[in-house]
Each structure stands twice: as structure tokens, then as C-alpha cells.
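Residue-level structure breakdown
Each chain, written out:
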Amino acid sequence: MSSSISRQRLLFIVLACGMIGAGFVYSLALGNLPRFPDEKDYMAIAGHLLRGSFSLDGQTPTALRPPGYPIGIAVPVALSDSYHSVRIAQFGLVVMTAWCLSRLLLIKPAHYWAASTVMLLATLGYPAVLYAAGTLFPQVYQLSAIALVIYLLQSPVLNRIRACGIGLASAFASLLSPTALMLMPAALVFLFFRRYGKSSMLIAMIAFAMPIALWTARNMVVLDQPIVFSKNLAWNIDNAVLEASPEQAVSAREPKDAVQYGVERLLQIVSEPQIYLSKLAGFFAYRNNMHVVSESSPTRDAVMFISYYSLILLVLVRLLLSYRRPLQPLEWLVIGLYLATALFHALVFTRIRYRIPFDYCLIPVAVNSLLIMFPTLAYRLGIAVSLTRKENSKTSSDELV
């Protein structure tokens with residue numbers, strides 16, 4: 001058994017190194033230049049952050065962007081001030097995320113390295129996440145934070161350190177982009193139904209609130225404005241209002257903060273619910289109109305169509321197959337998180353890149369449908385499938401201590 005585990009571990013390491021190496025080659029092909037205006041902003045803020053200033057020019061403090069991503073990429077930027085270092089780090093995070101989420105697969109605990117390999121291979125079936133790893137946007141970092149929360153939630157015993165980790169990782173995901181704001185409520189619902197105790201929930205909530213409160217306090221002191229996430233959040237909500245009501249003259253609108261724009265958006269949805277339903281349908285789209293025209297093509301649209309709707313189809317198949325193997329609690333969690341995020345995003349923005357971290361979290365659910373349908377094939381590949389709750393209950397408590 002030990003030699004088999006060693007081979008499984010070696011295979012995973014080889015594939016992981018291959019993916020990171022491929023990411024390096026891909027980065028070289030892209031060049032050491034930004035493709036999107038946002039990328040330049042993030043690199044500038046990260047560079048100045050290393051010198052002690054959260055700003056675009058090194059002098060004027062800003063809250064234009066949320067703080068999570070500049071803080072996250074500051075480490076690779078410190079090692080090498082180039083776009084290549086950030087992209088390579090992000091491909092490494094994809095590997096780490098695959099390892100974390102592989103624990104959701106219906107594969108027996110003794111085959112966890114094989115499960116990690118399966119999850120890494122399944123990543124190739126959803127190229128959007130690899131494309132995201134090649135861009136300087138917060139989606140891959142956000143995905144890794146979500147995966148860490150899911151990994152911590154799988155423990156049968158939740159101590160204070162893990163509860164704190166869940167709160168901090170959820171806060172980091174939200175400070176990367178507020179598109180992940182449904183993560184903490186979903187985690188709390190999971191903790192409640194799994195009866196982990198009120199103290200764990202309280203610790204998680206405090207750990208979640210503290211980083212966001214500190215960032216807001218910084219903005220109050222430095223900018224004299226109660227900016228919770230970023231200035232561009234208010235602009236995005238305002239754009240959502242104007243998109244639904246283009247007759248409103250931009251010049252006649254008074255500047256507001258994110259909360260005021262949010263209230264206006266909610267009133268707009270209440271008066272015209274079809275606007276919200278249209279946005280909700282847009283969450284499940286396979287293409288968006290790109291501002292950078294060179295990043296859009298029929299081939300990319302076709303790849304996204306096939307990969308995304310295949311993923312959704314397999315998730316639906318998994319629900320249908322629940323009579324053969326009931327869904328695990330964490331499978332319910334990722335599906336619930338996905339639907340809650342769809343409802344939340346429809347309030348403001350529904351773009352594919354905002355959805356990518358949540359799409360990726362559905363991959364283990366989709367793979368489980370294949371494991372249930374083709375267990376014989378899995379066994380021939382040396383993977384022991386767990387098709388009963390009793391088998392799966394012998395989970396990774398030892399690894400999580």
C-alpha cells in the first residue's frame with residue numbers, strides 16, 4: 001500500500017510541476033505587459049505597497065481597488081517585479097486549490113493522492129480557470145481562499161484555530177472582491193446544520209469582521225470616507241442602475257457611496273423585477289461582451305460553451321444520482337454557495353470572470369457523477385470509489401489535525 005501511495009504522490013507532483021511549468025511558458029508567450037487596464041493598477045498598488053503606501057502613484061492614498069489582491073500579489077512581486085512572477089504564483093495556487101477540493105471526491109481516504117491527481121486533470125476540462133491564472137485579476141486568489149474555507153469545514157472537529165481560519169479566509173476572499181460575500185453566510189449555515197457549536201460560529205464571524213473593519217477604519221482615517229471595500233464597487237453598482245435605466249442622464253446624477261447606490265438598485269429591482277431576472281439568467285451565460293476586443297473570439301466562446309454547460313450538466317446528473325449515493329454535506333455547500341452567489345451577483349454584475357471561482361468549486365461535484373456512473377473504470381485506473389456513507393465517513397481527520 002505504501003508503494004502505491006508513493007506512486008500516486010509522485011504522479012501528482014509531476015503533474016503539478018508540469019502545470020506550473022506550462023503556466024510559465026504561457027506567461028512568456030503573453031509577455032511582461034498588461035493586457036487589461038486593471039492589471040496595471042494592481043501591479044502599481046502592489047509595488048507601492050511594498051514601500052509602505054497603498055496608492056497608485058506612491059504618494060496619494062487610494063481605495064480605488066479592494067486591498068486583498070494587491071496584498072496577495074505583493075509576495076511574488078517582492079521576489080520579482082514582473083507579471084511573470086504573479087502568473088506563476090497563480091498557477092501554483094490552482095494546484096493547491098485542486099489538492100484542497102479533491103477531498104470532496106468520492107474516493108476512499110487511502111487514495112487521496114490519486115484524488116488530487118484526478119482533480120488536477122479535471123482542471124484541464126475547464127480552461128477558463130487556466131486563462132484566469134494568466135491574468136492579473138483576483139479570481140484565482142479568491143478561488144484559493146474559497147477552497148481553503150471548504151477544506152477547513154470538512155473537519156469532523158472544528159477547533160478555535162480552524163474557526164478563525166474560516167473567518168479570515170472568508171474575509172480575504174471578500175476583500176479580494178465583494179463578489180465572494182456569500183461565502184461567509186454559506187459557511188455559517190453549514191456550521192449551524194453540522195452542529196459545530198455557537199462558539200465556533202462566533203469566532204468565525206469575529207475573524208471575518210475584523211479585517212473588513214480595519215480596512216474601513218483605514219479609509220475613514222486616511223481618506224475621510226467610510227469605504228468598506230473599494231470605490232469602484234460604488235461605480236459598478238451605479239453602472240448596473242444606468243444599464244437598466246439608460247434614460248437617466250449621467251451628468252444629472254449626484255455622486256453617492258456604495259450603500260446609497262445599492263438602495264437605489266434594490267428599489268429599481270422591486271419596481272421592475274424583470275431586470276433582476278434578466279441579470280440572473282446572465283449569470284449562467286457562456287460569453288460576455290469584452291471591453292478588450294482582442295480577448296474575445298468564436299473559438300474561445302465555443303470552448304466556454306462546451307466546458308461550462310458540460311460542468312452544469314454533470315452537476316445536474318449528480319443530483320439525479322443522489323438516490324445511489326446521497327450528496328455529502330460539502331457537496332450541498334458548494335451547490336448552495338453557487339446558487340446564493342448567482343442570486344447575489346444578479347443584483348449588480350454578472351460577468352464570467354466573477355463566476356470562475358465558483359464554477360471551479362463545482363468540478364468535484366461533477367467528477368463525482370462520473371465516479372458513480374463509471375466505478376469499474378475508476379477501479380481499473382487504481383482508484384477506489386466510495387459509494388456508501390460509511391466508507392466516506394473514514395475521512396481525513398488525521399490529516400486535518
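Here's a quick rundown of the structure.

Rules used throughout
- Residues numbered from 1 in each chain as written.
- Predicted model: local features only at pLDDT ≥ 70, side-chain atom pairs only at ≥ 80, totals over all residues.
- Heavy atoms only, no water.
- Helix = DSSP H or I, 4+ residues; strand = E, 2+ residues; numbered from the N terminus.
- Buried < 20%, exposed > 50% of the residue type's maximum accessible area, 1.4 Å probe, protein only.
- Polar contact = N/O pair within 3.5 Å; in protein donor to acceptor, adjacent residues only side chain to side chain.
- Contact = heavy atoms within 4.5 Å.
- Salt bridge = Lys/Arg side-chain N within 4 Å of Asp/Glu carboxyl O.
- Core = buried A, V, L, I, M, F, W, Y, C linked by side-chain atoms within 4.5 Å.
- Patch = residues over 30% accessible without salt bridge, like charges linked within 9 Å, V, L, I, M, F, W, Y side chains within 5 Å.
- Areas by Shrake-Rupley, 256 points an atom, 1.4 Å probe, with all protein chains shown as cover.
- Axes fitted to C-alpha atoms, helices over the stretch in contact; angles between N-to-C directions.
- Parallel < 35°, antiparallel > 145°, perpendicular 65-115°, else oblique.
- Left-handed = near helix turned anticlockwise from the far one by under 90°.
- Nonpolar A, V, L, I, M, F, W, Y, C, P; charged D, E, K, R; others polar.
- Phe/Tyr/Trp six-rings, centres within 6.5 Å; stacked < 30°, edge-to-face > 60°.
- Lys NZ or Arg CZ within 6 Å of the ring centre and 35° of its normal.

With that out of the way, let us pick up unusual backbone geometry. Phi at aspartate 224 takes a positive value of approximately 60°, unusual for a residue other than glycine. For aspartate 224, the location among the structural elements is in the loop between helix H10 (198-222) and helix H11 (231-244).

Note that histidine 345 resides in helix H15 (residues 329-345). With a relative accessible area of 1%, histidine 345 lands in the buried category. Of note is the side chain of histidine 345, whose polar atom sits 2.9 Å from the backbone oxygen of threonine 179. Each residue touching histidine 345, except ones within four places of it in the same chain, is listed here: Thr179, Phe283, Thr350, Tyr354 and Phe358.

Another aspect to go through is the environment of valine 86. With respect to the element layout, valine 86 can be found in helix H4 (residues 83-101). For the pair valine 86 and methionine 43, spaced 43 residues apart in sequence, the C-alpha separation works out to 9.3 Å.

Now for the pattern of salt bridges. Pairs may arise between side chains of opposite charge once their charged atoms sit close together. With the rule as written, the count across this model stands at six salt bridges. The partner of aspartate 301 in a salt bridge is arginine 287, and the shortest N-O contact between them spans 3.0 Å. On the criterion of sequence distance, the pair formed by aspartate 301 in helix H14 (residues 298-320) and arginine 287 in the loop between helix H13 (273-283) and H14 is long-range, its members being 14 residues apart. By relative accessible area, which is 17% here, aspartate 301 ends up buried. Note that glutamate 331 and arginine 318 form a salt bridge whose closest N and O atoms lie 3.0 Å from each other. With glutamate 331 in helix H15 and arginine 318 in helix H14, this pair connects stretches of sequence that are 13 residues apart. Note on glutamate 331: relative accessible area 0%, which makes it buried. By relative accessible area, arginine 318 is classed as buried at 0%. Residues joined in a network through salt bridges with shared partners are Asp38, Asp41, Arg65 and Arg353.

This next bit is on the nonpolar core. Among the nonpolar cores identified, the biggest contains 110 residues, and Tyr69, Ile73, Tyr126, Ile150, Leu153 and Tyr360 are the most heavily contacted of them. With eleven residues, helix H7 (residues 139-153) is the single largest residue contributor to this core. With near-sequence residues (within four places) excluded, tyrosine 126 lies in contact with Met304, Ser307, Tyr308, Arg355, Ile356, Asp359 and Ile363.

Before going further, it helps to spend a moment on a nonpolar patch on the surface. On the surface, Leu202, Met205, Ile206 and Met210 cluster together into a nonpolar patch covering about 370 Å² of accessible area. Looking at where leucine 202 falls in the secondary structure, it is placed in helix H10.

Another point: the packing of helix H9 (residues 183-193) against H15. Viewed as axis vectors pointing N to C, H9 and H15 meet at an angle of 150°, and their least axial separation amounts to 10 Å. The pairing of H9 with H15 is recorded here as roughly antiparallel in orientation. Crossing of H9 over H15 shows right-handed handedness. In this structure, H9 contributes Leu183, Ala186 and Phe190 to the contact, and H15 contributes Pro329, Leu330, Leu333 and Leu337. Of the residues that constitute the contact of H9 with H15, the class distribution is seven nonpolar, no polar and no charged.

As for its placement among the helices and strands, isoleucine 227 is situated in the loop between H10 and H11. Judged by relative accessible area, which is 10%, isoleucine 227 ranks as buried. Once residues lying within four places of it in the same chain are set aside, the contact partners of isoleucine 227 are Ala63, Trp215, Thr216 and Asn219.

This part takes up the packing of aromatic side chains. The tally for this structure, following the rule as stated, stands at 15 aromatic pairs. With 5.6 Å between their ring centres and 55° between their planes, phenylalanine 12 and tryptophan 113 make a pair best called tilted. Pair noted here: phenylalanine 12 is in helix H1 (residues 2-30) and tryptophan 113 is in helix H5 (residues 112-123), with a separation of 101 residues, a long-range link. For the ring pair phenylalanine 283 and tyrosine 338, a centre distance of 5.4 Å and an interplane angle of 70° mean the geometry is edge-to-face. Separated by 55 residues along the polypeptide, phenylalanine 283 in helix H13 and tyrosine 338 in helix H15 bring together distant segments of the chain. Judged by relative accessible area, which is 2%, phenylalanine 283 ranks as buried. Aromatic ring contacts, followed pair by pair, group Tyr286, Phe305, Tyr308 and Tyr309 into a single cluster. The ring of tyrosine 112 carries arginine 103 above its face, with NZ or CZ at 4.7 Å from the centroid.

What follows deals with the side chain of threonine 179. The residue threonine 179 is located in the loop between helix H8 (160-176) and H9 in this model. Among the polar contacts made by the side chain of threonine 179, one reaches the side chain of glutamine 142 at a distance of 3.2 Å. Each residue touching threonine 179, except ones within four places of it in the same chain, is listed here: Gln142, Thr341, Phe344, His345, Phe349, Tyr354 and Phe358.

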